[in-house]
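As a plain string of letters, each chain reads:
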Amino acid sequence: SNGVVRLVVWKMKHSDEAVRSSAVQALKHVAERGDPLALQLVSELLVHPTAAIRRTAIDALSVVAPLGDPTAINQLSSRLEDLDPLARMHAVDAFGRVATGDVGRE
């Protein structure tokens, strides 16, 4: 349901990395790839001022974006130039999963 997706994405803003990571894992179970609400909410977090939250959003986008989706690929491409080096690393990994469909590393 939309309420559950909103709650899970909201948890991606939590200060505790374990909570954020759990939220990404939970998103796999509450949102299908291509879920419009999940994509919108996660996309908004890609430009969050906090680097750790951007990293979480990058990981989440690789979970909910349709494989080969040009919009998601463009969003991840922009994160390849993130000021945070870890966000850039997450973006490289996520880009590979979305662009090529290589989901074996999730």
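Because the structure is a prediction, the values reported are computed rather than measured. (Residues numbered from 1 in each chain as written. Predicted model: local features only at pLDDT ≥ 70, side-chain atom pairs only at ≥ 80, totals over all residues. Heavy atoms only, no water.)

Another point: the overall build of the chain. The helix and strand inventory of the chain stands at six helices and zero strands. Moving toward the C terminus, one meets the helices and strands of the chain in the order α-α-α-α-α-α. Expected size for 106 residues packed as a compact globule is a radius of gyration near 13 Å; at 12 Å, the chain falls within 12% of this value. Counting every position in the chain, which comprises 106 residues, the buried fraction comes to 42%. (Helix = DSSP H or I, 4+ residues; strand = E, 2+ residues; numbered from the N terminus. Rg over C-alpha atoms; globule rule 2.2 N^0.38 Å. Buried < 20%, exposed > 50% of the residue type's maximum accessible area, 1.4 Å probe, protein only.)

Right, let's talk about the confidence of the model for the chain for a bit. Chain-level pLDDT for the chain is 91 on average; 95% of the residues reach the 70-or-more range. Across the chain, the element-wise mean pLDDT spans from 90 in helix α2 (residues 17–30) up to 96 in helix α5 (residues 70–79). (pLDDT = per-residue confidence, 0-100.)

Right, let's get into the side chain of arginine 20. Structurally, arginine 20 is set in helix α2. Although buried, arginine 20 forms no salt bridge, and the nearest oppositely charged side chain, glutamate 17, lies 4.6 Å from it. A polar atom in the side chain of arginine 20 sits 3.2 Å from the side chain of threonine 56. Excluding anything up to four places from it in sequence, arginine 20 contacts Lys11, Met12, His14, Ser15, Ala52, Ile53 and Thr56. (Lys, Arg positive; Asp, Glu negative; His and termini not counted. Salt bridge = Lys/Arg side-chain N within 4 Å of Asp/Glu carboxyl O. Polar contact = N/O pair within 3.5 Å; in protein donor to acceptor, adjacent residues only side chain to side chain. Contact = heavy atoms within 4.5 Å.)

The next subject is the environment of alanine 38. Its place among the elements puts alanine 38 in helix α3 (residues 36–45). Taking the C-alpha atoms as reference points, alanine 38 and valine 24, 14 residues apart in sequence, are found 11 Å from one another. Discounting residues that sit within four places of it in the chain, alanine 38 has contacts with Val5, Leu27, Ala31 and Val64.

Turning our eyes to something else, we now look at α3. With respect to burial, α3 is a largely interior element, seven of its 10 residues being buried. Where the residues of α3 are buried, they touch α1 (2–11), α2, α4 (51–64) and α5. The opening residue of α3, the one whose side-chain oxygen lies 3.0 Å from the backbone nitrogen of leucine 37, is aspartate 35.

Turning next to the packing of α1 against α3. Close contact between α1 and α3 brings their axes to 10 Å; oriented N to C, the two are set at 20°. In terms of orientation, α1 and α3 fall into the roughly parallel class. At the point where α1 passes α3, the crossing takes the right-handed sense. Only Leu37, Ala38, Leu41, Val42 and Leu45 of α3 make contact with α1, whose side of the interface consists of Asn2, Val5, Arg6 and Val9. The residue inventory of the contact of α1 with α3, partitioned by class, reads seven nonpolar, one polar and one charged. (Axes fitted to C-alpha atoms, helices over the stretch in contact; angles between N-to-C directions. Parallel < 35°, antiparallel > 145°, perpendicular 65-115°, else oblique. Left-handed = near helix turned anticlockwise from the far one by under 90°. Nonpolar A, V, L, I, M, F, W, Y, C, P; charged D, E, K, R; others polar.)

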